[in-house]
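Now for the letters of each chain:
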Amino acid sequence: MINLLKSNFYRVKKSKSFLIILFLFTIFYIMLYFNNYTPNCVNCPNQLGEVFFNYTFLICLLTPIFICIFINSDYNNGTIRNKIISGYSKVKIYLANLITIVLVSLLYMVIAIFTLTIISFIFNNSFIITPSKFIYLFFNSILLNISICSIFNFITMSISTKNLSSIYSLSLTIMALVFTSNLPYKISISSGIKKQILTFMYDFIPFGQAYQIVSLTDNYLKISLYSIILIIIVNILGINIFKNKQIN
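Residues numbered from 1 in each chain as written. Predicted model: local features only at pLDDT ≥ 70, side-chain atom pairs only at ≥ 80, totals over all residues. Heavy atoms only, no water.

## Quick notes on the layout of surface pockets
Move 1: Empty space within the largest pocket amounts to approximately 220 Å³.
Move 2: For the largest pocket, the full set of lining residues is Ile148, Ile151, Phe152, Leu172, Met175, Ala176, Phe179, Phe204, Ile205, Pro206, Phe207 and Leu230.
Move 3: Counting residues per element, the ones that place at least two in the lining of the largest pocket are helix 7 (131-158), helix 8 (162-188) and helix 10 (206-214).
Move 4: Considering each element in turn, the lining of the largest pocket owes the most residues, 4 residues, to helix 8.
Move 5: A per-class count over the lining of the largest pocket returns 12 nonpolar, no polar and no charged. (1 Å grid on protein atoms, 1.4 Å probe; cavity = no way out; pocket = protein on both sides within 12 Å on 5 of 7 lines; lining within 4 Å. Points joined across faces, edges and corners; volume = space filled by probe spheres on them. Helix = DSSP H or I, 4+ residues; strand = E, 2+ residues; numbered from the N terminus. Nonpolar A, V, L, I, M, F, W, Y, C, P; charged D, E, K, R; others polar.)

## Focus: the side chain of Ser150
Move 1: Inspection of the secondary structure puts Ser150 in helix 7.
Move 2: Sequence-distant contacts of Ser150, that is, excluding residues within four places in its chain, are made with Tyr94, Leu98, Ile231, Val234 and Asn235. (Contact = heavy atoms within 4.5 Å.)

## Digging into the nonpolar core
Move 1: Core analysis: the largest hydrophobic core is formed by 61 residues, its most contacted members being Phe25, Tyr55, Phe66 and Tyr108.
Move 2: Taken together, the elements giving at least two residues each to this core come down to helix 1 (2-14), helix 2 (16-36), helix 3 (47-52), helix 4 (55-76), helix 6 (90-122), helix 7, helix 10 and helix 11 (220-243).
Move 3: Among the elements that line this core, the one with the most residues is helix 6, at 13 residues.
Move 4: The contact partners of Tyr55, leaving out residues within four places of it in the chain, are Phe25, Tyr29, Met109, Ala112, Ile113, Phe138 and Ser141. (Core = buried A, V, L, I, M, F, W, Y, C linked by side-chain atoms within 4.5 Å. Buried < 20%, exposed > 50% of the residue type's maximum accessible area, 1.4 Å probe, protein only.)

This is the structure:
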């Protein structure tokens, strides 16, 4: 496993897509900051708190792109086949890829937070949010990160055709974004079992969780539980599919 991780991180270090997405992540986060926050605003006690967790959207939008490029290059270059021939188990290969992209995505998140810290220092921002709530939401964002990586690692590891996995990943991202953006309104006008189903979907789908984290939800315990359940289910399913997959 250690050798697999070393090999993966060497590829990440040499990857142009890693640097490009890192650049986009930082730029988009700065844009979101200035789009949602006015430095000269008066009587805005929680200004920084309201924009701090915007990086969760970028996790959902940009991380899948890196995952598709990274995993697909493994298939296209015959790297996965060579790893299997070298005696590495498919489970270790699957988990090594998952760990790699999770750590890369967490790095994106850390750099985004560091960027915002610098900006907040420049504009002397206030950050009035209770420490306990911040810790809960930050923990939620980490679980969200892992669940996003688990989902798209599952898709790209299960589909060895570059175009198909990219199309499926892009389509899923767009559909999830559009669907969850309308869920709060649909929940507000629904009742009974329909409202319960829509609320569950809003809490369970990572994009729905991202919307809630950005809005500083108090629903952190439930979405944490759903993230953990999603991570476990997706990875068990993905490992079993990959174990039985024929690698050409």
